[in-house]
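Each chain is listed here by its residues.
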Amino acid sequence: MTVAPLVVEISFIFLLAAYLLHKYGNWTSHHVLVTVAVFVAWYFSFTVIFILPLDVSTTSYRQCLRDQVSTITNSSAAIPLVTSATETGNTTILPLLNVNVTQTALRRVYEVAPGNNEKMCHIPWSHIPAGVLPSLWRVVYWTSQALTWLILPMMQSFSTAGDFTVGGKLRTAVVENAIYYGTYLLIFGILLIYVAAQPGMYLDGSKLKVICITASNTWGLFLLVLLLGYGLVEVPRICWNKSKRGHMLNYLYFKAAKLSTEKCEAEEKVDDLLEKMQQVSNTVPIGHPLRRCVEIILEKCPEEKKNSIRRRRQPLEESPGADVSERNIVRIHQQIIRALQAYYRTQCQWNMLIEETFDWEDVARNEINPERTFKPTFMPQRSSLLRALYTPTVEWYWKCLVRSWVFRTLAIVLATFSAIVVWSEMTFFTRSPTLSLFAVFVDLARRNYDYIAIEMVSTLTIAYLCICAYYTVFKVRVLNYYYLAPHHQTDEYSLIFCGMLLCRLTPPLCLNFLGLIHLDSHVIKEKEIMETAFTEIMGHMDVISIISDGFNIYFPILIFLLCLATYFRCGSRVLHMLGFEQFLGEDEMTVDLIEEGKGIIKREKSRKKRYEEGEARRRQYQMRFGNQSGTCGNHTDVDRDNGRRGMMRSGSDESARAELLRDVEPVDYTEERGGRVVDNFTESYSSFGLDPLKIDMSESRGYGFGKDFDKQMYSRVGHPPGGIFDDV
């Protein structure tokens with residue numbers, strides 16, 4: 001017995017959670033409390049997902065030992081007990097008759113006795129000593145529950161509260177979570193009354209603990225069924241659709257049209273609130289007790305707007321009247337926080353959508369390339385090692401030839417897996433005959449002592465259930481306030497929500513999985529089945545028969561009905577009938593939005609081309625004239641440092657045109673020069689003697705069009721605030 005596999009997995013989970021949080025979050029700007037809380041939530045949730053398979057394999061080994069103990073106890077034949085004398089190297093055979101046999105003695109019988117290999121209980125490679133897992137599950141589960149029901153919801157509401165004191169923010173957070181906590185307390189109260197009304201039933205600490213766990217898991221199971229009913233169909237479907245280039249382009253055009261409208265609405269909301277802030281700033285004089293609150297709000301405003309508001313302050317007698325009560329300022333503060341969050345979310349989603357659409361358009365253009373080398377419209381930022389391995393030829397074969405078949409194969413595999421999940425959910429409570437396919441797979445591996453197969457099946461099943469459930473959260477329109485964006489673009493609000501959701505859904509999801517593989521004796525009504533340490537900590541719901549015998553067994557059957565509704569797009573059709581635009585193929589409204597999105601993407605591409613042409617010409621000018629006129633070069637640097645952008649008065653006409661092109665704000669129509677449209681990245685760079693493959697694109701990053709272009713895009717509303725407690 002060794003804890004090495006457990007230590008290795010825990011270390012791997014730690015690194016995985018840290019990597020994902022580094023990828024999606026930003027520990028340099030996010031508050032340390034947010035980073036720590038989200039990391040613990042992710043780390044403990046991943047621990048349940050990855051360590052539970054080890055618990056399953058260890059339980060299978062314990063089940064084998066108990067079965068052999070039962071066989072020995074019921075046998076009247078003498079069984080040799082083999083012990084080793086390490087001092088002499090001799091082996092002693094002792095007779096064992098009809099007596100109680102301990103597990104230690106049984107292990108010696110079937111591990112050491114020669115000629116008895118067919119009855120041997122092999123120790124799993126990842127066997128964990130007794131007492132380790134119960135302690136681990138106890139810490140992980142109750143910490144996760146405290147995070148998901150108390151700490152994270154309060155932090156989430158605290159981050160959007162408009163108050164200017166800690167007490168005020170906490171009071172607002174409690175009020176906002178009253179309804180949220182009310183749903184849990186309602187379930188808990190109903191279960192408590194039900195148990196108290198049972199004849200001969202008395203409440204003690206253990207029963208109260210089971211009721212708390214039952215209420216939490218019932219809420220989580222209800223949400224889990226809704227999420228799985230959508231994800232089990234949509235995850236294979238999206239993989240299949242990714243193999244169809246035409247479908248993906250139409251879908252992205254449709255999405256661009258809708259997201260563009262949402263982004264404009266978010267911008268207008270910010271502008272309206274900034275106008276209100278202008279009136280408040282004009283009304284509150286310097287030295288007023290509420291002036292500090294006004295300055296705190298102004299710090300959250302975009303830099304240019306903040307300076308404009310301060311410059312345009314009118315005398316008190318000339319300024320229009322505004323409500324300067326503390327309650328009104330708190331309300332405006334909260335509205336600005338949420339409006340900026342909506343803008344950052346839509347802007348980040350828009351940048352990701354633009355990049356994805358450009359990539360699929362490049363695929364459509366390169367599929368007919370006879371040279372079989374991928375020529376992107378915009379050169380991506382890649383490391384030298386990746387450029388050496390991922391050459392244009394390799395990229396062409398992957399994107400234009402291999403990728404579609406990979407996604408089709410993956411879609412078929414995932415669809416089969418989804419069908420197995422749905423079938424097992426509908427039949428897992430039937431013990432004889434065993435109808436749950438996951439129970440069949442695990443039982444077959446257990447009989448062959450193939451513990452690695454048990455752990456692989458368990459890990460893949462739990463991981464797929466998590467993917468289907470969490471995919472739904474970030475795709476359903478109702479929950480579109482949250483997003484996960486790489487390159488440190490996810491805000492604190494979405495990170496907190498993701499951690500809260502992981503902690504809430506993981507325990508009921510794992511309990512449901514244990515029922516699928518028949519390791520919950522109280523679900524399958526089989527008392528001879530040993531249970532995992534995770535189930536022992538979670539307890540059983542026998543104290544509440546309506547939950548144990550009804551809801552937790554038959555409610556997952558609704559997954560089948562939800563999967564049917566998702567497959568035939570019933571929800572999308574209903575929303576479409578109500579006037580909410582949905583992507584439904586050849587529908588007239590869908591076609592119109594596709595055409596609108598196509599025009600939007602075309603304008604964005606032209607804008608990006610003009611920007612990169614200007615950047616290339618600027619670099620070309622610096623290479624030609626930067627070392628010939630030190631005064632000119634210094635003058636240019638000073639102008640750039642001071643933010644003064646103007647045309648160079650010295651130099652050639654070409655440099656003047658380049659400076660004008662760099663300084664002028666790009667317009668939304670396609671630029672024509674010399675009677676033709678500049679629509680190819682290679683041509684635009686070759687027109688002034690540059691090799692596009694040798695251009696230094698180190699300034700391109702993330703989802704923007706370059707470092708300076710990102711500044712233009714975000715200058716309108718500024719950067720997200722560094723932490724949720726900065727204004728306290």
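Residues numbered from 1 in each chain as written. Predicted model: local features only at pLDDT ≥ 70, side-chain atom pairs only at ≥ 80, totals over all residues. Heavy atoms only, no water.

We now examine the overall build of the protein chain. The number of helices and strands found in the protein chain is 26 helices and 4 strands. By residue count, 48% of the 728 residues in the protein chain fall in the buried class. A fraction of 76% describes how many contacts in the protein chain between residues 6 or more apart in sequence connect residues 24 or more apart. Per element, the accessible surface of the protein chain, about 36100 Å² overall, is 61% carbon and sulfur. (Helix = DSSP H or I, 4+ residues; strand = E, 2+ residues; numbered from the N terminus. Buried < 20%, exposed > 50% of the residue type's maximum accessible area, 1.4 Å probe, protein only. Contact = heavy atoms within 4.5 Å. Areas by Shrake-Rupley, 256 points an atom, 1.4 Å probe, with all protein chains shown as cover.)

Next up on the list: the nonpolar core. Ranked by internal contacts, the top residues of the largest apolar core, which has 90 residues, are Trp-42, Trp-137, Leu-232, Leu-514 and Phe-534. At 18 residues, the largest contribution of residues to this core is made by helix H2 (residues 32-73). If sequence neighbours within four positions are ignored, Leu-514 has contacts with Leu-52, Val-56, Leu-519, Asp-520, Thr-532, Phe-534 and Thr-535. Within the second largest apolar cluster, 24 residues are counted, among which are Ala-266, Ile-309, Ile-336 and Tyr-344. (Core = buried A, V, L, I, M, F, W, Y, C linked by side-chain atoms within 4.5 Å.)

Side chains of Glu-265, Glu-268, Asp-272 and Glu-275 sit close together on the surface and give a patch of like negative charge. Relative to the elements of secondary structure, Glu-268 occurs in helix H8 (residues 245-283). (Patch = residues over 30% accessible without salt bridge, like charges linked within 9 Å, V, L, I, M, F, W, Y side chains within 5 Å. Salt bridge = Lys/Arg side-chain N within 4 Å of Asp/Glu carboxyl O. Lys, Arg positive; Asp, Glu negative; His and termini not counted. Charge placed at Lys NZ, Arg CZ, Asp CG, Glu CD.)

On to the packing of H8 against helix H9 (residues 291-300), then. Two numbers describe how H8 lies on H9: the axes approach to 10 Å, and their chain directions differ by 150 degrees. Between H8 and H9, the crossing angle belongs to the class labelled roughly antiparallel. Where H8 crosses over H9, the two elements pack in a sense that is left-handed. Here Met-277, Val-280 and Ser-281 of H8 come into contact with H9, specifically with Arg-291, Val-294, Ile-297 and Leu-298. Residue composition of the contact of H8 with H9, grouped by class: 5 nonpolar, 1 polar and 1 charged. (Axes fitted to C-alpha atoms, helices over the stretch in contact; angles between N-to-C directions. Parallel < 35°, antiparallel > 145°, perpendicular 65-115°, else oblique. Left-handed = near helix turned anticlockwise from the far one by under 90°. Nonpolar A, V, L, I, M, F, W, Y, C, P; charged D, E, K, R; others polar.)

Counted by the stated rule, this structure contains 15 aromatic pairs. Seen from their ring centres, Tyr-567 and Phe-568 are 5.0 Å apart, and the 90 degrees between their planes marks the pair as edge-to-face. We note that Tyr-567, like Phe-568, is exposed. Here the aromatic residues Phe-14, Phe-39, Tyr-43 and Phe-44 are joined through ring pairs into a cluster of three or more. A cation over a ring is seen here: Lys-263 above Trp-350, with NZ or CZ 5.2 Å from the ring centre. Stacked on the ring of Trp-405, the Lys or Arg Arg-408 has its end atom at 4.7 Å from the ring centre. (Phe/Tyr/Trp six-rings, centres within 6.5 Å; stacked < 30°, edge-to-face > 60°. Lys NZ or Arg CZ within 6 Å of the ring centre and 35° of its normal.)

Okay, the packing of helix H7 (residues 205-241) against helix H16 (residues 492-516) next. For the pair H7 and H16, the least separation of the axes is 8 Å and the interaxial angle reads 90 degrees. Between H7 and H16, the angle falls in the class roughly perpendicular. Contact with H7, carried on its side by Asn-217, Trp-219, Gly-220, Leu-221, Leu-223, Leu-224 and Leu-227, involves Leu-501, Arg-504, Leu-505, Pro-507, Pro-508, Leu-509 and Leu-511 of H16 and no other residues of that element. Considered class by class, the residues forming the contact of H7 with H16 number 11 nonpolar, 2 polar and 1 charged.

All right, on to a positive patch on the surface then. On the surface, Lys-269, Lys-276, Arg-327 and Arg-331 cluster together to form a positively charged patch. Elements with a contribution of two residues or more to the positive patch: H8 and helix H11 (326-366).

With the rule as written, the count across this model stands at 21 salt bridges. With its nearest N and O atoms 3.9 Å apart, the salt bridge here joins Glu-536 to Arg-62. Of the two residues, Glu-536 is situated in helix H18 (residues 533-538) and Arg-62 in helix H2; the sequence distance between them amounts to 474 residues. Judged by relative accessible area, Glu-536 falls into the partly exposed class, the value being 45%. When its relative accessible area of 25% is taken as the criterion, Arg-62 is described as partly exposed. Taking the shortest distance from any N to any O, the salt bridge between Lys-598 and Glu-595 comes out at 3.8 Å. With Lys-598 and Glu-595 both in helix H22 (residues 588-625) and 3 residues apart, the pair spans about one turn of that helix. Look at Lys-598 and you get partly exposed, because its relative accessible area is 35%. Since its relative accessible area comes to 48%, Glu-595 is described here as partly exposed. What you see here is one network of salt bridges that share partners, running through Asp-359, Arg-382, Glu-395, Lys-399 and Arg-403.

The topology assignment puts Tyr-554 in helix H19 (residues 545-554). On a C-alpha basis, the gap between Tyr-554 and Met-426 in space is 7.7 Å, while along the polypeptide they are 128 residues apart.

To continue, consider helix H14 (residues 437-447). All of the buried residues along H14 are Phe-438, Ala-439, Val-442, Ala-445 and Arg-446. One side of H14 holds all its buried residues, which, seen down the axis, span an arc of 135 degrees. Among the exposed residues of H14, those oriented more than 90 degrees off its buried face are Leu-444 and Arg-447. Remark: Tyr-449 follows H14 within two positions and exhibits a positive phi of approximately 55 degrees. (Arc of directions from axis to C-beta.)

On the surface, Leu-558, Phe-560, Leu-561, Leu-564, Tyr-567 and Phe-568 cluster together into a nonpolar patch covering about 590 Å² of accessible area. Among the secondary structure elements, Leu-564 is positioned in helix H20 (residues 558-567). Judged by relative accessible area, which is 37%, Leu-564 ranks as partly exposed.

On to the state of the cysteines. Throughout the structure, instances matching the rule amount to 0 disulfides. Cysteine Cys-510 shares no disulfide, and the gap to the nearest cysteine sulfur, in Cys-466, comes to 6.5 Å. (Disulfide = S-S within 2.5 Å.)

Another point: unusual backbone geometry. Phi is positive for Arg-372, close to 55 degrees, though the residue is something other than glycine. With respect to the secondary-structure elements, Arg-372 resides in the loop between H11 and helix H12 (384-389). Even without being a glycine, Arg-569 presents a positive backbone phi close to 55 degrees. Relative to the helices and strands, Arg-569 is located in the loop between H20 and helix H21 (570-577).

Here we take up the environment of Lys-242. By the element assignment, Lys-242 lies in the loop between H7 and H8. Taking relative accessible area as the criterion, Lys-242 reaches 23% and is therefore assigned partly exposed. As a C-alpha pair, Lys-242 and Ala-411 span 169 residues in sequence and 9.4 Å in three-dimensional space. Look past the residues within four positions of Lys-242 in its chain and what remains in contact with it is Met-248, Glu-356, Trp-360 and Phe-407.

Below, the discussion takes up the confidence of the model for the protein chain. The predicted model of the protein chain averages 76 in pLDDT, with 72% of residues at 70 or higher. When pLDDT is averaged over each element of the protein chain, helix H13 (residues 392-427) comes out on top at 94 and strand E2 (residues 91-96) at the bottom at 34. With pLDDT under 50 throughout, residues 76-103 is counted as low confidence; its partners more than four residues away or in other chains account for 40 contacts. Per-residue pLDDT stays below 50 along residues 105-118; that stretch engages in 32 contacts with residues further than four places along the chain or on separate chains. (pLDDT = per-residue confidence, 0-100.)

Quick look at the side chain of Ser-424 now. Relative to the helices and strands, Ser-424 resides in helix H13. Of the polar contacts made by the side chain of Ser-424, one reaches the backbone oxygen of Ile-420; its length is 2.9 Å. (Polar contact = N/O pair within 3.5 Å; in protein donor to acceptor, adjacent residues only side chain to side chain.)

Take Val-56: it is sitting in helix H2. Note on Val-56: relative accessible area 0%, which makes it buried. Along the chain, Val-56 and Thr-532 lie 476 residues apart, while their C-alpha atoms are 6.2 Å from each other. The residues touching Val-56, leaving out its near neighbours within four places in the chain, are Ile-454, Ser-458, Phe-513, Leu-514, Ile-517, Leu-519 and Thr-532.

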